[in-house]
Amino acid sequence: MNEEDVISIVSKKAKLIRHEKGYTQEKMAEVLGISKKTLVQIEKDRTPASWTCVVAICALFGDSEVIQAALGEEPLEVIETMVHGRVDRPKEKTLGGKVWWKQMKNEKGFVLQQNVISKHYRIIDMDHYRWFSSFEKDETFMYFDELLKNHPINPPFCRGRS
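Structural notes, computed from the coordinates. (Residues numbered from 1 in each chain as written. Predicted model: local features only at pLDDT ≥ 70, side-chain atom pairs only at ≥ 80, totals over all residues. Heavy atoms only, no water.)

## Digging into the overall build of the chain
A tally of regular secondary structure across the chain gives 7 helices and 5 strands. Reading the helices (α) and strands (β) of the chain from amino to carboxyl end gives α-α-α-α-α-α-β-β-β-β-β-α. Considering only contacts within the chain whose residues lie at least 6 apart along the sequence, 55% involve residues at least 24 apart. For the chain, the accessible surface area stands at approximately 8600 Å², while carbon and sulfur atoms represent 51% of it. (Helix = DSSP H or I, 4+ residues; strand = E, 2+ residues; numbered from the N terminus. Contact = heavy atoms within 4.5 Å. Areas by Shrake-Rupley, 256 points an atom, 1.4 Å probe, with all protein chains shown as cover.)

Structure below.
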């Protein structure tokens, strides 16, 4: 998945997202900081949304079932990983990956997962905090191995583990 793919996917879903939220075209355009005319062009598939508009939709409507079905449970994580190439710092708490993620490895308090839609990888701890995200499989597996070497078996951030 690349920037063009995300632009295409989100552009095609813009009208559904608007309807899901119960917004008029005027309100949706106002929220996104674009003209109603531009929104109409996007919704009629005459022009794709700009990258800035796509990022705004992912940020402001990340809880939308429509966008989650298209990009996974955390659409902004997909965007952030794409923009930065990877994310390698402890981050916000995730939902744990019960629906949109395939578990690849689970060792010493860390779980390596792959998103079933975007195909990007992430590493979360047992409390579901994201430590790393990347579209690069080898890089993610190497980072996972480094985490295992540099952290104790029962890391203090894994509350609830004995």
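Structure shown, so let's carry the discussion forward.
## Details of the pattern of salt bridges
Applying the stated criterion across every chain, the model contains 11 salt bridges. The shortest N-O distance in the salt bridge between Asp45 and Lys12 comes to 3.8 Å. Of the two residues, Asp45 is situated in the loop between α3 (36–43) and α4 (51–60) and Lys12 in helix α1 (residues 3–21); the sequence distance between them amounts to 33 residues. Here Asp45 matches Lys12 in class, with each residue exposed. The closest approach of N and O atoms between Asp63 and Lys21, which form a salt bridge, is 3.1 Å. Separated by 42 residues along the polypeptide, Asp63 in the loop between α4 and α5 (65–71) and Lys21 in helix α1 bring together distant segments of the chain. Classification of Lys21 by relative accessible area gives partly exposed; the value is 30%. Put simply, Glu74, Glu77, Glu80, Arg122 and Arg130 are held in one network by salt bridges that share partners. (Salt bridge = Lys/Arg side-chain N within 4 Å of Asp/Glu carboxyl O. Buried < 20%, exposed > 50% of the residue type's maximum accessible area, 1.4 Å probe, protein only.)

## Regarding the packing of aromatic side chains
Taken as a whole and judged by the stated rule, the model has 3 aromatic pairs. Here the aromatic rings of Tyr23 and Phe61 are separated by 5.9 Å at their centres, their planes lie at 75°, and the arrangement is edge-to-face. Of the two residues, Tyr23 is situated in the loop between α1 and α2 (25–32) and Phe61 in the loop between α4 and α5; the sequence distance between them amounts to 38 residues. Judged by its relative accessible area of 28%, Tyr23 is partly exposed. Residues Phe132 and Tyr143 carry aromatic rings whose centres are separated by 4.1 Å and whose planes lie at 15° to one another, so their mutual orientation is stacked. One end of the pair, Phe132, is in strand β5 (residues 130–134); the other, Tyr143, is in helix α7 (residues 137–150), with 11 residues separating them in the sequence. For Phe132, a relative accessible area of 0% gives the class buried. Its end group placed over the ring of Tyr23, Lys27 keeps NZ or CZ at 6.0 Å from the ring centre. (Phe/Tyr/Trp six-rings, centres within 6.5 Å; stacked < 30°, edge-to-face > 60°. Lys NZ or Arg CZ within 6 Å of the ring centre and 35° of its normal.)

## Side note on the nonpolar core
In this structure, Val10, Val54 and Ile57 are the most contacted members of the largest nonpolar core, which totals 24 residues. At the level of secondary structure, the elements contributing two or more residues to this core comprise α1, α2, α3, α4, α5 and α6 (75–84). Setting aside residues up to four positions removed in sequence, Val10 forms contacts with Val54, Ile57, Cys58, Ile67 and Leu71. Among the nonpolar cores identified, the runner-up in size contains 9 residues, and Leu112, Ile123, Trp131 and Phe132 belong to it. (Core = buried A, V, L, I, M, F, W, Y, C linked by side-chain atoms within 4.5 Å.)

## Here we look at the state of the cysteines
The full count for this structure, using the stated rule, is 0 disulfides. With no disulfide of its own, Cys53 has Cys58 as its nearest cysteine by sulfur position, at a separation of 9.7 Å. (Disulfide = S-S within 2.5 Å.)

## Let's talk about the environment of Ala29
Residue position: Ala29 is located in helix α2. It is 9.1 Å that separates the C-alpha atoms of Ala29 and Val40, two residues lying 11 residues apart in sequence. Excluding its chain neighbours within four sequence positions, the residues that come into contact with Ala29 are Ile34, Ser35, Lys36 and Leu39.

## Regarding α6
Residue pairs three or four apart in sequence face the same way in an α-helix, which turns once every 3.6 residues. Most of α6 is tucked away: 7 of the 10 residues are buried. Within α6, burial applies to Pro75, Glu77, Val78, Ile79, Glu80, Thr81 and Met82. One or two positions beyond α6, positive phi appears at Gly85, with a value near 85°.

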